Every structure is written in structure tokens, then in C-alpha cells.
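A structural walkthrough
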Amino acid sequence: MSNVVLALDTCTELCSVALQAGDRLVTRETLAPREHSQKVLGFIDEVLAEMDIAFDAIERLVVGHGPGSFTGVRIGVSIGQGLAFSHTLPVTPICTLEALAEQAWRRYQATDVIAAIDARMNEVYIARYQRRDDTWIEIQAPQMAALEQLNEERWLADGQPVGVGTGWQAYGPQLDAEQRVSILPDVWLPEARDMLSLALHPQAKSIQAAELEPLYVRNEVTWKKLPGR
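Residues numbered from 1 in each chain as written. Predicted model: local features only at pLDDT ≥ 70, side-chain atom pairs only at ≥ 80, totals over all residues. Heavy atoms only, no water.

1. A few points about the overall build of the protein
Rules: Helix and strand assignments follow DSSP, with helices taken as H or I runs no shorter than four residues and strands as E runs no shorter than two, numbered in order from the N terminus. For a compact globule the rule gives 2.2 Å times the number of residues to the power 0.38, and the radius of gyration it is set against comes from C-alpha atoms. For accessible areas, the Shrake-Rupley method is used with a probe of radius 1.4 Å. Any residue's cover is judged against the shown protein chains and nothing else. In summary, the charge assignment counts Lys and Arg as positive and Asp and Glu as negative, without counting His or the chain termini. Here the site of a charge means atom NZ of a Lys, CZ of an Arg, CG of an Asp or CD of a Glu.
Along the backbone of the protein there are 6 helices and 10 strands. Against the globule reference of 17 Å for 229 residues, the protein gives a C-alpha radius of gyration of 17 Å, in line with a compact fold. Seen through its principal axes, the protein has C-alpha atoms that stretch 50 × 35 × 30 Å. Summed over its atoms, the accessible surface of the protein is roughly 10,800 Å², and 46% of this surface lies on carbon and sulfur atoms. In the protein, 20 positive and 31 negative side-chain charges are present, and the distance between their average locations comes to 2 Å.

2. Overview of the packing of helix α3 (residues 96-108) against helix α6 (residues 192-199)
This is how it is decided: Only the stretch in contact is used when a helix axis is fitted, and all axes are lines through C-alpha atoms; the angle between N-to-C directions ranges over 0 to 180 degrees. Between 65 and 115 degrees an angle is taken as roughly perpendicular, under 35 as roughly parallel, over 145 as roughly antiparallel, and anywhere else as oblique. Two residues qualify as a contact provided that any one of their heavy atoms is within 4.5 Å of a heavy atom in the partner residue. Gly counts as polar in this scheme, as do all residues outside two lists: the nonpolar Ala, Val, Leu, Ile, Met, Phe, Trp, Tyr, Cys and Pro, and the charged Asp, Glu, Lys and Arg.
It is the contact of α3 with α6, at a shortest axis distance of 8 Å, that shows an interaxial angle of 95°. Overall, the two elements α3 and α6 adopt an arrangement that is roughly perpendicular. For the pair α3 and α6, the contacting residues are Thr-96, Glu-98, Ala-99, Glu-102, Gln-103 and Arg-106 in the first and Arg-193, Asp-194, Met-195, Ser-197 and Leu-198 in the second. Taken together, the residues that form the contact of α3 with α6 break down as 3 nonpolar, 3 polar and 5 charged.

3. Let's talk about the side chain of His-36
The following threshold applies: We call two N or O atoms a polar contact when they sit within 3.5 Å, provided that within protein one can donate a hydrogen and the other can accept it, with sequence-adjacent residues counted only if both atoms are side-chain atoms.
Looking at where His-36 falls in the secondary structure, it is placed in helix α1 (residues 36-51). Among the polar contacts made by the side chain of His-36, one reaches the main-chain carbonyl oxygen of Ala-32 at a distance of 3.0 Å.

4. Things to note about the packing of α1 against helix α2 (residues 70-87)
Where we set the bar: By convention, the crossing between two helices is left-handed when the near helix turns anticlockwise from the far helix through less than a right angle, and right-handed when the turn is clockwise.
With their axes 10 Å apart at the nearest point, α1 and α2 run at an angle of 40° to one another. On the basis of the axis angle, α1 is oblique to α2. When the axes of α1 and α2 are compared, the crossing they make is right-handed. Here α1 contributes His-36, Ser-37, Val-40, Leu-41 and Ile-44 to the contact with α2, which in turn contributes Ile-75, Ile-79 and Leu-83. Split into classes, the residues belonging to the contact of α1 with α2 amount to 6 nonpolar, 2 polar and no charged.

5. A short note on the side chain of Glu-102
Within the fold, Glu-102 resides in helix α3. Residues in contact with Glu-102, not counting those within four places in the same chain, are Arg-131, Trp-136, Asp-194, Ser-197 and Leu-198.

6. A closer look at the confidence of the model for the protein
Using the following cut-off: Values of pLDDT, the confidence the predictor places in each residue, fall between 0 and 100.
Averaged over every residue, the pLDDT of the protein is 91; the share at 70 or more is 91%. Predicted confidence for residues 219-229 stays below pLDDT 50, and this span has 19 contacts to residues more than four positions away or in other chains.

Structure below.
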């Protein structure tokens, strides 16, 4: 069986796993913000069993590496590293904000997307993407920003973007006081299936397990890799 790729994401409240084998796709996901470490490995076993394939058949891992919850990001990256090291697999890291843009495309064919994830304390992780041909272009790179800072940045209102992610759910009126952004009502959390789709794009790049790092978009946070790596 060719083209077997496993994707996992634990960066937000949603624990999500997707397995692609040829033209077949199997997924598992649940809202379990405090149970990711227990759920994700079970989900991996379940999708492999449903496909009736062994882990050794997997050719590549796809890992949501942030931004998101510090704990969730660490869990996903450490599990991804562990699986990649133990099975000598290449890894494709995917940004959660771009995965939200991909989900908006999958569900609504949206081509201009402002993705925002609630970072608490009146702050959001936010980025803007525009789709050109079959590729997402970063119009505004992922950043962590306070609401008052974003109110001063005009890129939020230019054009006719849609808003996706829990940041819009929590802070919609503050992010867009003039209501120029159309908020999609059911694209709140990134899903592994969309990370898998991004990773299968010809331009997507894979790295070695030792190179996998969280995308915190916060300068003061540091990451320690697995011991000895």
C-alpha cells in the first residue's frame, strides 16, 4: 500500500488524528483538552485497525506544531518526535492557523482567510492567508497579538476575508468592530485531516525528527528536545 501518511494534532481543545492510505481517509477526533496524551495514541491505534494496516506501513508523519495551548503543543510535538524517532520517519510540521485556512477552503472554498486562535488574556494567535492556484500564501505571518494592537493594523479589514478559529468566537467584536470580516460559524478548531491535506501538497517539506520544534510565536518560550537528541 503506497502513500500512507499519519497526521496528529493536539494543539487546541480538539484532539485529532487522520490516516491517509491511497485514496482512503480515516479520522478520529474529540474535544478533550485535558486528555490529549491519553487519547491521541488510542486514536492512532483505532485508525490503523480500521485501515487494517500496521504502523510500519506509515511512510510519513504530519504533526500540528502550533501555535496553541503550551501543553497541547508540547504533547503533540513530543509524541510526534517519539514516533518518528522509533520508526525512522520523516515529519511534516503544519501550522494550526494554516490548517484552519485549509478547513475553510475544504468546507466553503474560502480563498482569503484570517485565522485566529484564542490565546486567553485578550490575546490571539493570528495569521492571514490567501489562496492562489492551489497554494496558501502568507499575507500576515503567524503572530501573537493583543486585541488593542490588532485594532491598529489595517490588514484585518482590507479586502473581503473570512474569519475562522476560536479567536473570532471569543473576540469577534473586538477584532472587527466595523464588521468587515465574515465569520464562518463552524470552523473553530484545526483538524488533522486538513494538516494531512497541506502536507500532501507537492511544495510541502519534511524534516527529521530531531528538527521538529513547537511553533509558539512567543519569543520568551523555549523548547527542550528529547534527552540526547
